[in-house]
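The lines below spell out each chain.
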Amino acid sequence: MKYAYFPGCVGQDSCSELDTSTKLIAEELGIEIVELEDATCCGAGFMQDVDYDLSRVLNARTFAMAEKLGLDILTVCSTCQFNMDRANRELKDDPERLAEVNRMLAEIGLRYNGTVEIKHILWVLVNEVGLGNLRRRVKVDLSELNVASFYGCQLIRPGYLHGYDDPDRPEYFEKLIDALGARPVDYEGRKKCCGFPITFVNEDASMRMNAKNMIEAKEHGANVMATSCPLCHINLDMYQGRAEKASGRRIELPILHLPQLVGLAIGISPERLRMKRHLVSTKPVVERVKRKEEAAIPVRTT
Amino acid sequence: MTAIKVYRFDPDVDTEPHYDEWDLPVEPGRTVLDLLHEIHYFRDPTLSFRRSCRSAICGSCAMSMNGRTGLSCNTQAKPLLDRDGYLVVEPMKNLPVLKDLVSDMEPFWKAVYDVEPYLQPGKAPKGPYIVPKKRMDLLKIAQDCIMCGSCLSECTSREANPDYLGPAALAKAYRFVADDRDEASLDRLRQYSEANGIWDCDTCLYCNEVCPVHVKPMDAIMAMRERSIEAGIVSQGAKHAIAFYETVLRSGKLNEFATANKSLGLAGMASQASVAARVILRGKTPELRKKKIKGIADVQTLVELNERRKRKGAGR
């Protein structure tokens, strides 16, 4: 298991705890990573809004770098996953387009042959690290955690692009949560939009979406949410206060990054996972988990 | 025999919707519409639903089946049942219900009319107008729309904002923006760039996912965004995208701080003060200056090559 790691911009900036926790669990779980330090932004849809062709060429440059290393690309962001996956598909499916992109890449001494796959860490954890393996590595009892997954739209739709989860009934995240010993929460909002892409355009609408999903998760028993997308994390965590204001409801739902949840289960401390960095306190999560050996000490009753 | 649950609501009798259940044989090959017909013909003639062609052409039988909107005439019942262990049929989401599975399409049509969905060719051409194939291909992602409403039913932005034009209307809009013969494209882009238009799409991809005839409304919306930016049309969405783009071109990576700053402006940033204060407190402040990636010169070369290519007329 060796990957060219694409950390994404937000994952190394305002959500840098995502990058930290990814590297920690990768080391623990034997996922070897070579960071693509020289890669550009995936475009996140915004670059594509300005110049679609350019963002595809820039992504092709990233693919060419991974190909040179002989590695597939590992992402930790639903948005990176979609934008790179789509660019990759468009190049693989159209030899003429690939040739045109290669004429440009040749000017900077690169070439892309279309052999790279882009994989999100959620898929790698479930399919390659393996659920049984993960289950055996769990050191901390998460059974008190009712975890609402939040996929991020672009990790599950469109189904015809990704080909992993059924976009109507995604289950990778739930399988992972279950393997980590926590309880997955079933609710509709896990497949929906956090609202982040329009926060700067129509904050009211964005906050209505944001609040609705979190409130629904809580009503279904969630005491923590985990997301596979740092852009969702921005809306769910950083903007949770605004969502509370918009909905007139207290939400107070801690939001973890997927690798933080994994890290917690396999015994990495909340401090090392930098869980104090979140705006919504993660203390209730830490209080609900206990190390397995502690839990096993029989309690003497008087 | 399987129990099929169907949403019922008759405004003349009911104050609240309820569900009725019928036991029906669900053999392989039977569509959800077949089951509804059986109920209507043999069990309960009061069950109302729309349908016409029964072959995925007319677009009248869109409804929600086990939570996903699609055409009941081309949705097989057995695979749904096998996957979920149940069958639930409901009217479309994001639209009012007239009776049972019949949605009020009025809000849908209003959005479609709002985009002026007809060719505005300016002067009448002197002879036949031959559209080059390459230009015609641009319409592929939009022109097959059968106006069934499935995309609007699943649209998450519309759910949060009923004034948003929605995917079907905007796909139709693009069909004219990208039509070589249309002379109103620029005015159209200005109109669609206003509030509740192209920039209100949250790119959730539900529309591309559920369209039964493989139209890609989200791609159409994104293509219009690109054209509107190219035409220099100012809007909050365009400002944000351009700010994002510029920071990436400068360092190779997104600069979150500079993007927010430029996109929102001073007043906008002030409105974010409550978030910003807590962000700083937690040490989550994004870097003010982004270190350039090593290959930034290569990135700039690619930008130039792309510009040169565009000048030669190789557009999307």
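Residues numbered from 1 in each chain as written. Chains lettered and ligands numbered in written order. Predicted model: local features only at pLDDT ≥ 70, side-chain atom pairs only at ≥ 80, totals over all residues. Heavy atoms only, no water.

1. Points about the nonpolar core
Across soluble globular proteins, nonpolar side chains show a tendency to be buried alongside one another. Counting residues in hydrophobic clusters, the biggest one holds 152 residues, and the most contacted among them are A:Ile73, A:Leu105, A:Met225, B:Ile4 and B:Met224. If sequence neighbours within four positions are ignored, A:Met225 has contacts with A:Ala148, A:Phe150, A:Tyr187, A:Asn213, A:Met214, A:Ala217, A:Leu236, A:Leu253, A:Pro254, A:Ile255 and A:Leu256. Membership of the second largest hydrophobic core comes to 46 residues, among which are A:Leu29, A:Val124, A:Val140 and A:Ile156. (Core = buried A, V, L, I, M, F, W, Y, C linked by side-chain atoms within 4.5 Å. Buried < 20%, exposed > 50% of the residue type's maximum accessible area, 1.4 Å probe, protein only. Contact = heavy atoms within 4.5 Å.)

2. Examining the pairing of strand β1 (residues 2–6) of chain A
Residue and element names in this part refer to chain A. Most of β1 sits out of view: four of its five residues are buried. Examined bridge by bridge, β1 and strand β2 (residues 32–35) share four bridges and lie parallel to one another. Within the sheet, the bridge partner assigned to Tyr5 lies in β2 and is Glu35. The β-α-β motif built from β1, the intervening helix α1 (residues 16–29) and the parallel element β2 has right-handed crossover chirality. As judged from the four bridges shared by β1 and strand β3 (residues 72–75), these two strands associate in the parallel manner. If you follow Phe6 over to β3, its bridge partner there is Thr75. (Helix = DSSP H or I, 4+ residues; strand = E, 2+ residues; numbered from the N terminus. Pairing = 2+ DSSP bridges. Right-handed = clockwise from strand over helix to strand, strands pointing away.)

3. Considering the interface of chain A and chain B
Listed per partner, the contact involves 67 residues of chain A and 72 residues of chain B. Here chain A and chain B share an interface that buries about 6200 Å² over both sides, 56% of which is from carbon and sulfur atoms. Considering only the side of chain A, the residues that lose the most area to chain B are A:Asp49, A:Phe200 and A:Leu279, jointly responsible for 12% of the buried surface there. Linking chain A with chain B are 13 salt bridges, by the criterion used here. (Buried area = accessible area lost by both parts, 1.4 Å probe. Salt bridge = Lys/Arg side-chain N within 4 Å of Asp/Glu carboxyl O.)

4. Comments concerning the packing of aromatic side chains
Any aromatic ring pair is given by two values, namely how distant the centres are and how the planes are angled relative to each other. Going through the model one piece at a time under the given rule, you end up with eight aromatic pairs over all chains. With centroids separated by 5.5 Å and ring planes inclined at 55°, the aromatic side chains of A:Phe63 and A:Tyr112 adopt a geometry described as tilted. You can see A:Phe63 sitting in helix α3 (residues 52–69) and its partner A:Tyr112 sitting in the loop between α5 (95–106) and β4 (118–120), a full 49 residues away along the chain. Judged by its relative accessible area of 0%, A:Phe63 falls in the buried class. Each ring, one from B:Tyr41 and one from B:Phe42, has its centre 6.3 Å from the other, and the planes form 80°; the classification is edge-to-face. Classification of B:Phe42 by relative accessible area gives exposed; the value is 67%. Of the aromatic side chains, those joined through ring pairs into one cluster are A:Trp123, A:Tyr164 and A:Tyr172. When the ring centre of B:Tyr206 is taken as origin, the NZ or CZ atom of A:Arg157, which lies over that ring, is 3.5 Å away. (Phe/Tyr/Trp six-rings, centres within 6.5 Å; stacked < 30°, edge-to-face > 60°. Lys NZ or Arg CZ within 6 Å of the ring centre and 35° of its normal.)

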